[in-house]
Amino acid sequence: MGLSVVILAAGQGTRMRSDLPKVLQPLAGKPLLAHVLACADALGADDVCVVYGHGGEAVQTVFPATGVRWALQAEQLGTGHAVQQAMPDTPSANRVLILAGDTPLLQSATLNRLLEETPDTGMAVLTVDMDDPTGYGRIVRNDEGISHIVEHKDASEDELALTEINVGVILCPSESLKNWLASLSNDNSQGEYYLTDIIAMAVADGVKVHGIKADSSVEVMGINNKKQLAEAERALQARLVDELMAEGVGFADPARVDIRGTLSCGKDVFIDINAVFEGDVYLGDGTTIESNNLIRDSRLGAGNVIHSNCHIEGASTGKSCEIGPFARLRPGAELANEVKIGNFVEVKKSTIADGSKVNHLTYIGDAEIGSGVNVGAGTITCNYDGVNKHKTTIGDDASIGSNVNLVAPVSIGKGATVGAGSTISKSIPEGVLTVARAKQKNIEDWTRPNKKESK
Ligand code: UD1
Ligand code: CA
């Protein structure tokens, strides 16, 4: 039997108090809906439909080519009404799995269990026991099993005491779903068409509703406000770090690291506290990340040491590089092997070959630096003439003295030496010593001014 997945993502998310639609709120660097879509993707469904509405265009532009079907719910009249919008193009022979766009920690293993444990033509609800069920729909049971779901706002005193809740995941055959949805009413405390009312309808039709319990209440939490978003963030971070530790990555404190995207690591990687990883980051075998680093969309080779307080984005390094403390690698910084970048050095769109060192207070931009080069403290590649960017080339084994300005376009020959304080605006041949600065004068008959008497 085919499977359709319907993801409800049209709600306004009023409780978020945000201009951003709820399903676009970020969790571990990705919109809530991206997590639910990834989970749906792993189920191998032949049809995935997202019901959108509030902030619809924004939601669609974030997911331009995910191969999903979009159904508009122009007015948010409730979860039942939302599912109804997806039904016209949902194949009648399929079974339909309904997910909420605000339940991002849900894992495909749990859903696969639900799909396997429910007969093809059967109906199931994913439930969980919550210590604090406030706000959730309660699962009401009688001797035969589940009888209905009552929303928190409509629940009686006795029902409020029930701790088994509706996660928001319902599985049922497409054809029956269409019929039940058509008979929903909005006669309830919120004046909404509740999806949850189909449970009682199914029971009345003699259909058994299977209650499948999730293992963890954290996995199925719904995100309605910023507090729950922050709770989910910590829970997801813990999960990501657990996965990495299982692969052998070491952490000084698993609770003090943030992965906003995908972090993949070789063997014997160690990560100290307050490291933040964004986008796609790879860390090679034996690399150490010291405390307080931000690393975004970068690939660091084996045996690197990233000292404290670096900002690294769009960079790549070879083996055994040493970066920081307090260094900045910007997009297009490409370091080969055994390169050293020291404190207060910024590198942008530049290649630096094996064994070269840029240790202190330097800006390297639009440069191609050979191997074995030493760049002295305070060197600046003057790459910008106010209009265009120009390139600096430094040959192998060159030595650049302290406080040198390299006015691009300019090239320094292999093995050349540039004297400290030079401003170089013409290219330098191989092997020479170049000094380009005002000559020192010693003035002998000069006296210091005397301090004037104040009146
Ligand atoms: C819903 C369930 C509740 C369950 C809880 C789990 C109903 C009536 N209630 O309550 O039983 O315990 O989820 O988290 O189903 N949405 C639309 N269109 C609408 C309304 C909602 O697309 O008109 C979407 C929202 O974007 C959201 C999802 O449906 O992704 C759930 O809506 P929400 O308003 O958060 O429902 P809850 O009150 O949390
Ligand atoms: Ca919710």
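Relevant structure appears above.
This report concerns the structure included in the present document.

Time to look at the overall build of the protein. The helix and strand inventory of the protein stands at eight helices and 37 strands. In terms of overall dimensions, the protein is more spread out than a globule: its C-alpha atoms have a radius of gyration of 31 Å, far above the 23 Å expected for 455 residues. Taken over the C-alpha atoms alone, the protein extends approximately 110 × 65 × 40 Å along its principal axes. For the protein, buried positions account for 48% of its 455 residues. At a minimum sequence separation of 6, the contacts of the protein that also span at least 24 residues come to 40%. Carbon together with sulfur atoms contributes 48% to the accessible area of the protein, which is approximately 21600 Å² in total. Here the protein carries 40 positive and 58 negative side-chain charges, and the mean point of each set is 14 Å from the other.

Quick look at the coordination of the calcium ion (ligand 2) now. Every protein donor of the calcium ion (ligand 2) is accounted for by D102 (OD) and N224 (OD1), and the metal-donor separations fall at 2.4 to 2.5 Å. Of this pair, D102 sits in the loop between β6 (95-100) and α4 (108-117) while N224 sits in the loop between β11 (209-213) and α8 (226-246); the two residues are 122 residues apart in sequence, bridging distant segments of the chain.

Close to ligand 1 lie 23 residues; G11, Q73, T79, E151 and N166 are nearest. D102 is positioned with one of its side-chain polar atoms (N or O) 3.2 Å from an oxygen atom of ligand 1. Between ligand 1 and E151, the relevant distance is 2.7 Å, taken from an oxygen atom to a side-chain nitrogen or oxygen of the residue. Contact with the protein chains covers 90% of the free accessible surface of ligand 1, which is 760 Å². Looking at the shell around ligand 1, the elements that each hand over two or more residues are β1 (3-9), α3 (79-86) and β10 (164-173). Within the shell around ligand 1, the residues separate by chemical class into nine nonpolar, ten polar and four charged.

To continue, consider the pattern of salt bridges. One pass over the structure, following the stated rule, counts 17 salt bridges. A salt bridge links R256 to D253, with the nearest nitrogen and oxygen atoms 2.8 Å apart. Between E368 and K391 there is a salt bridge, with the nearest N and O atoms lying 2.6 Å from each other. One end of the pair, E368, is in strand β28 (residues 367-369); the other, K391, is in the loop between β30 (380-382) and β31 (392-394), and 23 residues separate them in sequence. Judged by its relative accessible area of 37%, E368 falls in the partly exposed class. On the accessibility criterion, K391 (42% relative accessible area) is partly exposed. Because the salt bridges share partners, they merge into one network encompassing R234, D258, R260, E278, R296 and E313.

It is worth spelling out the packing of α3 against helix α6 (residues 174-182) at this point. Two elements in contact, α3 and α6, have axes separated by 10 Å at closest approach and are oriented at 130°. Classified by the interaxial angle, the pair formed by α3 and α6 is oblique. α3 and α6 meet at a crossing whose hand is left-handed. On the side of α3, the interface is formed by G80, V83 and Q84, while α6 contributes L177, L181 and A182.

On to the pairing of strand β27 (residues 357-365), then. Pairing geometry for strand β25 (residues 340-348) and β27, over seven bridges, is parallel. Residue pairing in the sheet places K340 in a bridge with K357 of β27. Inspection of the sheet shows β27 paired to strand β29 (residues 374-375) by two bridges, in the parallel sense. Across the sheet, residue K357 finds its bridge partner in β29, namely N374.

A separate point is the nonpolar core. Of all hydrophobic cores here, the largest spans 96 residues; its most connected members are I271, F277 and I341. Counting residues per element, this core draws most heavily on helix α1 (residues 32-41), which supplies seven residues. Two domains each donate at least three residues to this core, and these are domain 1 (3-213) and domain 2 (233-434). Residues in contact with F277, not counting those within four places in the same chain, are V257, D258, I259, R260, L263, I271, L283, I289 and I295.

To continue, consider the side chain of T118. Considering the arrangement of structural elements, one finds T118 in the loop between α4 and β7 (123-129). Within the structure, the side chain of T118 is placed 2.6 Å from the backbone oxygen of L114, a separation counted as a polar contact.

What follows is about α3. Among all positions in α3, only G80, H81, A82, V83 and A86 are buried. Buried positions along α3 lie against β1, β4 (47-52), β5 (69-72), β6 and α6.

The class for N224 is buried, based on a relative accessible area of 16%. If we ignore the near neighbours within four places in the chain, the residues touching N224 are R15, M16, K22 and D102.

Attention now goes to the packing of aromatic side chains. Counted under the stated rule, the structure contains two aromatic pairs. Ring centres of Y52 and W70 lie 5.7 Å apart, and the angle between their planes is 85°; this geometry places the pair in the edge-to-face category. Taken together, the residues span a long stretch of sequence, with Y52 in strand β4 and W70 in strand β5 at a distance of 18 residues. For W70, a relative accessible area of 23% gives the class partly exposed. Between F326 and F344 the ring centres are 5.4 Å apart and the planes differ by 15°, which places this aromatic pair in the stacked class. Placement of F326 in the loop between β22 (322-323) and β23 (328-329) and of F344 in strand β25 is noted, with a sequence separation of 18 residues between them. Among the residues examined, F326 registers a relative accessible area of 41% and is labelled partly exposed. Here the basic side chain of K389 rests over the ring of Y384, its NZ or CZ set 5.2 Å away from the ring centre.

Cut-offs used in this document
- Residues numbered from 1 in each chain as written.
- Chains lettered and ligands numbered in written order.
- Predicted model: local features only at pLDDT ≥ 70, side-chain atom pairs only at ≥ 80, totals over all residues.
- Heavy atoms only, no water.
- Helix = DSSP H or I, 4+ residues; strand = E, 2+ residues; numbered from the N terminus.
- Rg over C-alpha atoms; globule rule 2.2 N^0.38 Å.
- Buried < 20%, exposed > 50% of the residue type's maximum accessible area, 1.4 Å probe, protein only.
- Contact = heavy atoms within 4.5 Å.
- Areas by Shrake-Rupley, 256 points an atom, 1.4 Å probe, with all protein chains shown as cover.
- Lys, Arg positive; Asp, Glu negative; His and termini not counted.
- Charge placed at Lys NZ, Arg CZ, Asp CG, Glu CD.
- Donors = N, O, S within 2.8 Å, 3.2 Å for Na, K, Ca; no water.
- Near = heavy atom within 4 Å.
- Polar contact = N/O pair within 3.5 Å; in protein donor to acceptor, adjacent residues only side chain to side chain.
- Nonpolar A, V, L, I, M, F, W, Y, C, P; charged D, E, K, R; others polar.
- Salt bridge = Lys/Arg side-chain N within 4 Å of Asp/Glu carboxyl O.
- Axes fitted to C-alpha atoms, helices over the stretch in contact; angles between N-to-C directions.
- Parallel < 35°, antiparallel > 145°, perpendicular 65-115°, else oblique.
- Left-handed = near helix turned anticlockwise from the far one by under 90°.
- Pairing = 2+ DSSP bridges.
- Core = buried A, V, L, I, M, F, W, Y, C linked by side-chain atoms within 4.5 Å.
- Domains from an automatic or database assignment.
- Phe/Tyr/Trp six-rings, centres within 6.5 Å; stacked < 30°, edge-to-face > 60°.
- Lys NZ or Arg CZ within 6 Å of the ring centre and 35° of its normal.

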